Amino acid sequence: MARASIALNRFGLGGRPGDTPGADPARWVLGQLDRYEARPAAIAALAPSSRIAGELTEYLREVRMLQREKRRNAAPQPEMETEPAMRGSAMQSEAQDKADDPVAQARRFARLQGRDHYAGAVSARALVALNSPAPFVERLVHFWANHFAVSADKLTMVGLAGSLEFEAVRPHVLGKFGDMLHAVERHPAMLIYLDQAQSVGPNSPFGQAGGRRGQKAGLNENLAREIFELHTLGVRTGYSQADVTEFARAMTGWTVAGLGRGRGPAYAGDEGQVGSFVFAPRLHEPGTRTILGRNWAQQGEAQAASVLDMLAAHPATAKHIATKLARHFAGDEPPSALVGRLEMAFLKSGGDLPTVYRALVEAPECWVAQPVKFKSPWEWTISALRGLGAQQLPPMAMNGLMTQLGQPVWKPGSPAGWDDVAASWAGPDAVMRRVEAAERLAQRTRDTVDARQRAAELFPDALSESTTQSIARAESPGQGVALMLVAPEFMRR
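Position numbers for residues count from 1 along each chain, tracking the sequence in the order it is written. Given that this is a predicted model, residues contribute local features only at a pLDDT of at least 70 and side-chain atom pairs are listed and counted only at 80 or more, while totals for whole chains, interfaces and linings are drawn from all residues. Water and hydrogen atoms play no part in the side-chain values, which are based on all heavy atoms of the structure.

Asks: How do you make sense of the overall build of the protein when you look at a structure like this?
Replies: Helix and strand counts for the protein stand at 25 helices and four strands. Values of the radius of gyration come from C-alpha atoms, whereas the globule rule sets the reference at 2.2 Å times the count of residues to the power 0.38. Rg of the C-alpha trace for the protein: 26 Å, near the compact-globule value of 23 Å for 493 residues, within the 12% margin. Overall size of the protein, expressed as C-alpha extent along the three principal axes, is 80 × 70 × 35 Å. Under the scheme applied here, a residue whose accessible area is under 20% of the maximum for its type counts as buried, over 50% as exposed, and between as partly exposed, the area being computed with a 1.4 Å probe on protein chains only. Going through the 493 residues of the protein one by one, you find that 52% of them count as buried. Throughout, a contact is declared for two residues whenever any of their heavy atoms are within 4.5 Å. Contacts in the protein between residues at least 24 apart in sequence constitute 75% of all its contacts with a sequence separation of at least 6. In these tables, accessible area is a Shrake-Rupley quantity obtained with a 1.4 Å probe, and a residue counts as shielded only by the protein chains included in the view. Carbon and sulfur atoms make up 52% of the accessible area of the protein, which amounts to about 22,100 Å² in all. Runs of E in the DSSP output that reach at least two residues are strands. Runs of H or I that reach at least four are helices, and both are numbered from the N terminus.

This is the structure:
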């Protein structure tokens, strides 16, 4: 790979017709830091998370009402013979039962959220990736969204998943890591996905009141554990189960307004704008916490916030982030020297992300001529569409295509996000799916693209002789495009 091709494909999202990194590709990449738009029109037009979470709150309220109604109507009724004249009313009753079934309600809610919010958010993400003048920064947005992964696989997350990327990652991708960390952990999508929104301190006023009624308050440790393991320090970095539990206690009260039950929100103090982050003091576990060998005596929301500040600047966090960035840009087995330099850039700058990105772009390990990464399905799809000059998408195109290729957007299946190594994406079946997708994409070009000229443009001074000959021998322009999209140069970066 020539440096111009590396700039387009390893640092960017694939070249577009007319893209020219110029004589200094590294400078061209870094110049994109000044061209990034945090809130482009396609994303600004979407519903905010507060509205989507508000719809979720209303849905949960309706389900609870249905459940209460069904319990009230569950008393045994005297058996009666069904007369022919009564069969019509019986059928109507059965239809009503289905309408009032919480499971049926859940399916309807998921369909509406998928149609009204999820599909539109996926399309907006793809449109921005196709048209952005700062593809290097867009790649970093996708990197951080996967680092702080949530999944639309959960019913409550179908409409919310994309909003975390748009509202918590995009505004901070060129800022401080600590600011992004705080924004992510306070975002309704993260609080709901990892069950923090309903975590209650056992000795909090709300927990004690429930105990007197025979209701056991639930402390949830999911978010605290994933902050340690995935978002900051990384696995096996010296924290204990006791640290997780103590951090979970410190985070009690971090919730989403309106998700409480009955008169609970008023008592808990979480009656803010429905669907937004709020600190509910009556859910908070009182007392000093001991976390990672330090005492945290702060009161209320400030207690967990102070722990986040510490974690954002921790040396283990610097190493964890440096390792993941190095893996993403320099190979599945990240060079230790590069990891060390990124780690130092992170620590010396206080987690200033552009400082870390500059160290990344200046690193010779990121400019080696040999391809170092196998593209994920998302990377391959975006680079294919950019390479074909696409600027618009059919409404459901990305949603269906990414599902077919095995990487549905914002559905990684776990808080760890999608794997960033070739072994997860380079299997024979996965490659065959790309071949099939390439053929369909080529058909859409209607033989208007000369793959010989386009491939040379997208991979300047980087096409192998075998790829050049393969495209030249194609029986039609469309076949030439399909062969270009599945060539080794297009699969790797």
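Having seen the structure, we can now continue with the description.
Asks: Help me understand the side chain of E285, please; the structure alone is not making it clear to me.
Replies: Note that E285 resides in the loop between β2 (277-279) and β3 (289-291). R249 provides the closest opposite charge to the buried, salt-bridge-free E285, at an N-O distance of 4.9 Å. Among the polar contacts listed, one links the side chain of E285 to the backbone nitrogen of N203, at a separation of 2.8 Å. Ignoring sequence-local partners within four residues, the contact set of E285 consists of G201, P202, N203, S204, R249, T252 and Q303. Charge counting treats Lys and Arg as positive and Asp and Glu as negative, with His and both chain ends excluded. Take a side-chain nitrogen of Lys or Arg and a carboxyl oxygen of Asp or Glu: if they are within 4 Å of each other, that pair is a salt bridge. Whenever two N or O atoms come within 3.5 Å, that pair is a polar contact, provided that in protein one can donate a hydrogen and the other can accept it, and provided that, for residues adjacent in sequence, both atoms are side-chain atoms.

Asks: Sorry, what's going on with the pattern of salt bridges here?
Replies: Note that side chains of opposite charge can pair when their charged atoms are close. Applying the stated criterion to the full structure yields 19 salt bridges. Between D19 and R16 there is a salt bridge; the shortest N-O distance is 3.7 Å. The partly exposed category is assigned to R16, whose relative accessible area is 23%. R249 serves as the salt-bridge partner of E246, at 2.8 Å between the closest nitrogen and oxygen.

Asks: Hey, could you run me through the side chain of T381 in this one?
Replies: Mapped onto the elements, T381 comes out in helix α19 (residues 377-387). Judged by relative accessible area, T381 falls into the buried class, the value being 0%. Those residues within four positions of T381 in sequence are excluded, and the remaining contacts are M398, L401, M402 and L405.

Asks: Even after reading the chapter, I still don't get the packing of aromatic side chains, so can you show me in this structure?
Replies: The geometry of an aromatic ring pair comes down to the distance between the two centres and the angle between the two planes. Pairing of aromatic side chains requires ring centres within 6.5 Å, counting the rings of Phe and Tyr and the six-membered ring of Trp. Pairs whose planes differ by under 30 degrees are stacked, by over 60 edge-to-face, and all others tilted. Within the structure shown, the criterion is met by 18 aromatic pairs. Seen in terms of ring centroids, F143 and W144 are 5.1 Å apart; in terms of plane orientation they differ by 80°. Their pairing is edge-to-face. Accessibility classification places F143 together with W144 in one group, the buried group. Here the aromatic cluster, defined as three or more aromatic residues joined through ring pairs, consists of F11, F136, F329, Y357 and W367. The ring of Y118 carries K411 above its face, with NZ or CZ at 4.9 Å from the centroid. Should the NZ of a Lys or the CZ of an Arg lie within 6 Å of a ring centre and within 35 degrees of the ring normal, that charge is described as sitting over the ring.

Asks: Would you explain the nonpolar core in this entry?
Replies: Side chains of a nonpolar character, in soluble globular proteins, are inclined to be buried together. As used here, the term nonpolar core means buried Ala, Val, Leu, Ile, Met, Phe, Trp, Tyr and Cys residues forming a set that is joined through side-chain atoms within 4.5 Å. Within the largest apolar cluster, 138 residues are counted, with the highest numbers of intra-cluster contacts made by W144, F247 and L485. Ranked by residue count, the leading element in this core is helix α6 (residues 102-131), at eleven residues. When near neighbours in sequence (up to four residues on either side) are disregarded, W144 contacts V169, V173, F177, M180, I321, L353 and Y357.

Asks: Teacher, can you tell me more about the packing of helix α9 (residues 177-186) against helix α15 (residues 301-312) here?
Replies: Each pair of packed helices gets described by two things: the angle between the helix axes and the distance between those axes. Throughout, an axis means a line fitted to C-alpha atoms (over the contacting stretch in the case of helices), and angles, computed between N-to-C directions, take values from 0 to 180 degrees. As a packed pair, α9 and α15 sit with axes 9 Å apart at the nearest point and diverge in direction by 140°. The angle between α9 and α15 places the two elements in the oblique class. Our pair here, α9 against α15, has a crossing hand that is right-handed. Contact residues: F177, G178, L181, H182, E185 and R186 in α9; E301, A305, L308, D309 and A312 in α15. When residues are grouped by polarity, Ala, Val, Leu, Ile, Met, Phe, Trp, Tyr, Cys and Pro land in nonpolar, Asp, Glu, Lys and Arg in charged, and all others, Gly among them, in polar. Taken together, the residues of the contact of α9 with α15 sort by class into five nonpolar, two polar and four charged. Any angle from 65 to 115 degrees is called roughly perpendicular, while one under 35 is roughly parallel, one over 145 is roughly antiparallel, and all others are oblique. Working rule for handedness: look at the near helix, and if it is turned counterclockwise from the far one by less than a right angle, call the crossing left-handed; if clockwise, right-handed.

Asks: I keep staring at helix α8 (residues 161-169) and nothing clicks. Help me out?
Replies: The α-helix winds at 3.6 residues per turn, so residues separated by three or four positions along the chain end up facing the same way. Counting buried positions along α8 gives eight out of nine residues, so the element sits mostly inside the fold. Every buried residue of α8 is listed here: A161, G162, S163, L164, E165, F166, A168 and V169.

Asks: How do you make sense of the packing of α19 against helix α21 (residues 428-444) when you look at a structure like this?
Replies: Running from N to C, α19 and α21 point in directions that differ by 20°, and their axes come no closer than 12 Å. Overall, the two elements α19 and α21 adopt an arrangement that is roughly parallel. In terms of crossing hand, the pair formed by α19 and α21 is right-handed. From α19, P377, W380, A384 and L385 reach across to α21, where they touch R434, A437, A438 and L441.

Asks: Sorry, what's going on with the environment of T290 here?
Replies: Examined against the element boundaries, T290 turns out to sit in strand β3. Given a relative accessible area of 39%, T290 falls into the partly exposed group. Placed 47 residues apart in sequence, T290 and D243 show a C-alpha to C-alpha distance of 7.3 Å. With sequence-adjacent residues up to four places away left out, T290 is seen in contact with D243, E246 and N295.

Asks: Sorry if this is basic, but what is going on with helix α17 (residues 336-348) here?
Replies: The end-to-end C-alpha distance of α17 is 18 Å, a good match for the 18 Å that 13 residues give at a rise of 1.5 Å each. Taken as a whole, α17 has its buried residues at L338, V339, L342, E343, A345 and F346. One side of α17 carries all its buried residues, which in axial view fall inside an arc of 160°. Away from its buried face by more than 90 degrees, α17 exposes S336 and K348. In this scheme, a helix's expected span is set at 1.5 Å multiplied by one less than its residue total. The reported arc concerns the directions from the helix axis to the C-beta atoms and nothing else.

Asks: For this particular structure, what's the right way to read the environment of A124?
Replies: With respect to the element layout, A124 can be found in helix α6. The spacing of A124 and A44 is 80 residues in sequence and 9.4 Å in space, taken between C-alpha atoms. If near-sequence neighbours (up to four positions away) are discounted, A124 is found in contact with A42, I43 and L46.

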